[in-house]
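# Overview (structure and organization)
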Amino acid sequence: MEYISTRGSAPALDFAGATLAGLASDGGLYVPSAWPRFSEAEIAALAGMPYAELAAKIMWPFVEGSLAYDRLLELTTAAYGRFSHKAVTPLRQLDEQNWLLELFHGPTLAFKDVALQMLGLLFEEFLGRSDRNLTIVGATSGDTGSAAIDAVAGRDKVQIFMLHPKGRVSDVQRKQMTTVLADNVHNIAIEGSFDDAQAMVKRMFNDTVMTDRFAIGAVNSINWARLMAQVVYYFAAALQLGAPARKVAFSVPTGNFGDVFAGYVAAQMGLPIEKLIVATNVNDILHRALAHGDYSQGTVTPTEAPSMDIQVSSNFERLLFDVGGRDGKALAAQMAGFEASKAMQLTNAQREGAAALFQSAAADADAMRDTIRWAREACGELIDPHTACGLYAARNGGIDPAVPVVTLATAHPAKFPDAVSRATGEHPVLPARVGDLFEREERMVELSGDYDAVAAFVAEHATAKV
Ligand SMILES: Cc1ncc(COP(=O)(O)O)c(C=O)c1O
Ligand SMILES: N[C@@H](CCOP(=O)(O)O)C(=O)O
């Protein structure tokens, strides 16, 4: 499989190259040059497979040329062997139409583990074939950070620098990052929002002073390998609910548009998806873009679903590229306009292409709280505030009652105990494997939101590329 940039001018790479590169050198994001497609019979034959095997089957067309199938299966077996539930991503029924897909049974209790456990192993595999050192620079609103740190802590040839917005992640999220004291882990709290952190990360990929000395790598969902691994659980859930004979809808709590774009990829591969519901909190740039074609940044409002406090959604670029006719030059111009003015109108082709599969909704604080309460009182489930945005959109999405609607449960409720207990009066308990989190020592540095200060810190602590 060959990977091309959404902005049309970076060199095409194979899977290993795209995984190590992260962001394309023209500022675009890597996408497969064509979507692999499974026939109905091929999809039906996937039913009932153990998760690791299903993962290898789904990922295979994306990695072919960079990994042998048997090696891929060894990696998926190792990655998903660390999950605390045998099914890895179990489904739970809430009522006649609604289901929860629990994605939080990995080591750091959020859906990010599903992709990052795999990505950590892929880095090790590909770096082992060269004498290259990787300097990972990432931005997190709370969950990517801990999942990425868990996946690479202590690994040879990798240093990780993780930027989070100071004071804007939950205490559990912060401690899951800052209590990992491995020498290759560097946590940086910056003044500003996740968007500010993400902008600095992207800038570093195009800063030749840095890229001449260091091989900068990505763990955010700008890295294609993240999304590839997330495609698997759409297949896993839909197969359990009767696919390919029956269509399924998904409601996806959304911030950086990575998780829901993985659903779009599943649909391009042939999975019969009725609708993908994009669920935001009040930071609703994606809801405005999908409902009205208006992709304009706005300021970030802190909410009880802090991981989705995002107003620039990196992966939306991948969708605009695909539904807009895969014209890299035109998209590069459109994105340059957005970067200059912080606003952009979708073209008619982009709006119509997106509307064929996506619908959207934004949940405010009342909607989140009421949905957390409903899930507890009516269905006996404690859910986190991000999942609540998804479930709110699912219950109000007007999907044909004959179609099952799966809400992605993206985080364990105990990561956000204050919001959950405000809504339900119950304090969710952290699973035993992270139970002593609050007794562990923390280490992080605090920096201003100034790019030069962050770059200087990275340069001081990173290892040169070879
Ligand atoms: C718990 C949780 N739910 C949902 C999201 C949104 O996912 P995405 O950024 O892939 O849209 C995030 C992070 O962004 C998250 O951490
Ligand atoms: N919610 C994320 C934000 C970063 O998104 P990513 O999926 O692009 O890594 C987080 O928790 O950090």
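Residues numbered from 1 in each chain as written. Chains lettered and ligands numbered in written order. Predicted model: local features only at pLDDT ≥ 70, side-chain atom pairs only at ≥ 80, totals over all residues. Heavy atoms only, no water.

As a matter of local geometry, ligand 2 sits amid 13 residues, with T140, D143, T144, N220 and S221 nearest to it. Note that an oxygen atom of ligand 2 is positioned 2.6 Å from one of the side-chain N or O atoms of T144. In the model, an oxygen atom of ligand 2 is placed 2.8 Å from a nitrogen or oxygen of the R226 side chain. Here ligand 2 loses 96% of its free accessible area of 340 Å² to cover by the protein chains. The site holding ligand 2 turns out to be the largest cavity. For the shell around ligand 2, the per-class residue count stands at two nonpolar, eight polar and three charged. (Near = heavy atom within 4 Å. Polar contact = N/O pair within 3.5 Å; in protein donor to acceptor, adjacent residues only side chain to side chain. Areas by Shrake-Rupley, 256 points an atom, 1.4 Å probe, with all protein chains shown as cover. 1 Å grid on protein atoms, 1.4 Å probe; cavity = no way out; pocket = protein on both sides within 12 Å on 5 of 7 lines; lining within 4 Å. Sits in = over half its atoms within 2 Å of the grid points. Nonpolar A, V, L, I, M, F, W, Y, C, P; charged D, E, K, R; others polar.)

UniProt's feature table lists "domain: Tryptophan synthase beta chain-like PALP" (unreviewed entry) at residues 88–365, given in the numbering used throughout. Helix makes up 43% of residues 88–365 and strand 20%, with an end-to-end C-alpha separation of 30 Å. (UniProt positions renumbered as here; feature names shortened; annotations may be inferred. Helix = DSSP H or I, 4+ residues; strand = E, 2+ residues; numbered from the N terminus.)

This part is about the site of ligand 1. The immediate surroundings of ligand 1 are formed by 15 residues, with D143, G255, N256, D259 and T410 found nearest. One of the side-chain N or O atoms of D143 is found 2.6 Å from an oxygen atom in ligand 1. Judged by the fraction of its atoms near the pocket grid, ligand 1 is located in the largest cavity. In terms of residue class, the shell around ligand 1 is made up of five nonpolar, seven polar and three charged.

Moving on: unusual backbone geometry. Cis geometry marks the peptide bond from A243 to P244; its omega dihedral reads 5 degrees. Structurally, P244 can be placed in the loop between α10 (224–240) and β9 (248–253). In this model, V88 sits at a positive phi of 65 degrees, which is unusual for a non-glycine residue. Inspection of the secondary structure puts V88 in the loop between α4 (69–80) and β3 (91–93). Under the relative-accessibility criterion, V88 is labelled buried at 3%. (Buried < 20%, exposed > 50% of the residue type's maximum accessible area, 1.4 Å probe, protein only.)

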